[in-house]
2 protein chains.
Amino acid sequence: MSIEVIAFDADDTLWHNESIYVEAQTQFKQLLAHYHSPEWIDEHLYQTEMRNLAHFGYGIKSFALSMIETAVELTEGQIIGADIQKIIDITKAMLAADVDLLDHVADTLANLQDVYTLMVITKGDLRDQELKIARSGLASHFRYVEIVSEKSPDSYAAILRRYDIEPAQFLMIGNSLRSDILPVLELGASAVYVPHQLTWVHETGDTPVGEQPGYYEIEHLGQLPELLKSLDR
Amino acid sequence: MSIEVIAFDADDTLWHNESIYVEAQTQFKQLLAHYHSPEWIDEHLYQTEMRNLAHFGYGIKSFALSMIETAVELTEGQIIGADIQKIIDITKAMLAADVDLLDHVADTLANLQDVYTLMVITKGDLRDQELKIARSGLASHFRYVEIVSEKSPDSYAAILRRYDIEPAQFLMIGNSLRSDILPVLELGASAVYVPHQLTWVHETGDTPVGEQPGYYEIEHLGQLPELLKSLDR
């Protein structure tokens, strides 16, 4: 059985995303520069995000609430209202940021959509992800869009059932070993890892994947058509 | 053609929800009681929510960011860090609140699920709604769950297409004229309005529905089986 459905992660696979968080976090550190070193702020913000993940889940609004909580904590409550407002304004700018496509994405999708069923599987805030797909100009390439709250073997299995796709027909492409690659390989489907220069530490981990069946790695999406040809042999 | 698929709104149709916001808003007003009257705070918070809807969308995290922004504005930046933290704690309590079913819901769903395909169509935060459905104990009654960012004629039409449902086979049930009733009637499907004692003013409006074809109104879900029998005649 050969690949018929190719699913793409969105953030940092189709378009830049982590860079928006990095930029916001830089502004956040400038706001608190009188109180603490950048390293200390980074570390505490990450701890707050991890602690809040069970409450808030992923996405920009969750990040905003964690920035605010971190600011209160690291200033021992001394943060002024105007600076809280600045954090909210940073958040609004993040939500309104342009969708900046990664290299080769538009060409590759246009090229593949006649041969394969293409879909997006992304996690995070429903509305934010919908708006980005709409603004990306890529929507017409995708037959299906699935926005999930967590990427686990169960959530992938539910999507395959919903569209009646066999694991052997399914290929997932993304920049997160934790979210895009490992759960898909666990189902017996195939996955292509496309590392991104900036990847949130929560999504990396040092899990070795190596020579598992169904695992592939490319440097950018422009190499995907070539890889697919080699799989068809 | 007769009704085959019954879709339920979730918040304030299956379980209490607005009461959680009302309780949170009461605590928020107590926090700002030194600065302003409850009426003034209510009015400004609602204005902030409406202004932020385009940025943040619906849900508890959006409400949290609007409470924080309102607190900064109404205290002219004088709000202290400890009170900002209290707003975040109010938010976490909202997200962790028990799912409190409305009367007759569990019985009615158990009763109907053998005869009809039941689904949930709800809007708001993806993760929050998924967790509530899981915690409600109702998940097994529903064949499909659809969480959307906005309930419009287009979003309902997309769901009907996805599951190959004709409008004449489809009945939507909910407490919001704006979100659950009017867009569904516009598609030529049927809708049952079940008013809830507490409904967010954004969801009400004074749109007259009256005697439109396909429009029904009941007082609680316990009256639904009787209504369905009358439709089959």
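See the structure shown above.
These remarks concern the structure in this document. As the structure is a computational prediction, the values presented were derived from the model and not from experiment. (Residues numbered from 1 in each chain as written. Chains lettered and ligands numbered in written order. Predicted model: local features only at pLDDT ≥ 70, side-chain atom pairs only at ≥ 80, totals over all residues. Heavy atoms only, no water.)

## Thoughts on the overall build of chain A
Within chain A, the secondary structure is distributed over 10 helices and six strands. Rg of the C-alpha trace for chain A: 19 Å, near the compact-globule value of 17 Å for 233 residues, within the 12% margin. Taking the principal axes of the C-alpha coordinates as reference, chain A spans close to 65 × 35 × 30 Å. When burial is assessed residue by residue, chain A has 57% of its 233 residues classed as buried. Surface summary for chain A: the accessible area is close to 10500 Å², and the carbon and sulfur share equals 49%. Across chain A, the centroid of the 16 positively charged side chains sits 6 Å from that of the 37 negatively charged ones. (Helix = DSSP H or I, 4+ residues; strand = E, 2+ residues; numbered from the N terminus. Rg over C-alpha atoms; globule rule 2.2 N^0.38 Å. Buried < 20%, exposed > 50% of the residue type's maximum accessible area, 1.4 Å probe, protein only. Areas by Shrake-Rupley, 256 points an atom, 1.4 Å probe, with all protein chains shown as cover. Lys, Arg positive; Asp, Glu negative; His and termini not counted. Charge placed at Lys NZ, Arg CZ, Asp CG, Glu CD.)

## A few points about the interface of chain B and chain A
How large an interface is tends to be reported as the accessible area lost when its parts come together. Residue-level contacts link 35 residues of chain B with 35 residues of chain A. Where chain B abuts chain A, roughly 2900 Å² becomes buried across the two surfaces, and 58% of that area is made up of carbon and sulfur atoms. Among the residues chain B hides against chain A, the three largest losses belong to Lys61(B), Lys92(B) and Arg127(B). Together they make up 21% of the total. Remark: the boundary between chain B and chain A carries four salt bridges. Of the charged contacts, one joins Glu146(B) and Arg162(A) as a salt bridge, the two residues approaching to 3.1 Å between their closest N and O atoms. (Contact = heavy atoms within 4.5 Å. Buried area = accessible area lost by both parts, 1.4 Å probe. Salt bridge = Lys/Arg side-chain N within 4 Å of Asp/Glu carboxyl O.)

## A look at the packing of aromatic side chains
This structure, assessed with the given rule, holds six aromatic pairs over all chains. Geometrically, the ring pair formed by Phe8(A) and Phe142(A) is edge-to-face, given 6.2 Å between the ring centres and 65° between the ring planes. Here Phe142(A) lies in the loop between helix H6 (126–136) and strand S3 (144–148) and Phe8(A) lies in strand S1 (residues 5–8), a separation of 134 residues in the sequence. Between Tyr144(B) and Tyr163(B) the ring centres are 3.9 Å apart and the planes differ by 25°, which places this aromatic pair in the stacked class. Pair noted here: Tyr144(B) is in strand S3 (residues 144–148) and Tyr163(B) is in the loop between helix H7 (153–162) and strand S4 (170–174), with a separation of 19 residues, a long-range link. By relative accessible area, which is 25% here, Tyr144(B) ends up partly exposed. Residue Tyr163(B) is classed as buried on the basis of its relative accessible area, which comes to 16%. (Phe/Tyr/Trp six-rings, centres within 6.5 Å; stacked < 30°, edge-to-face > 60°.)

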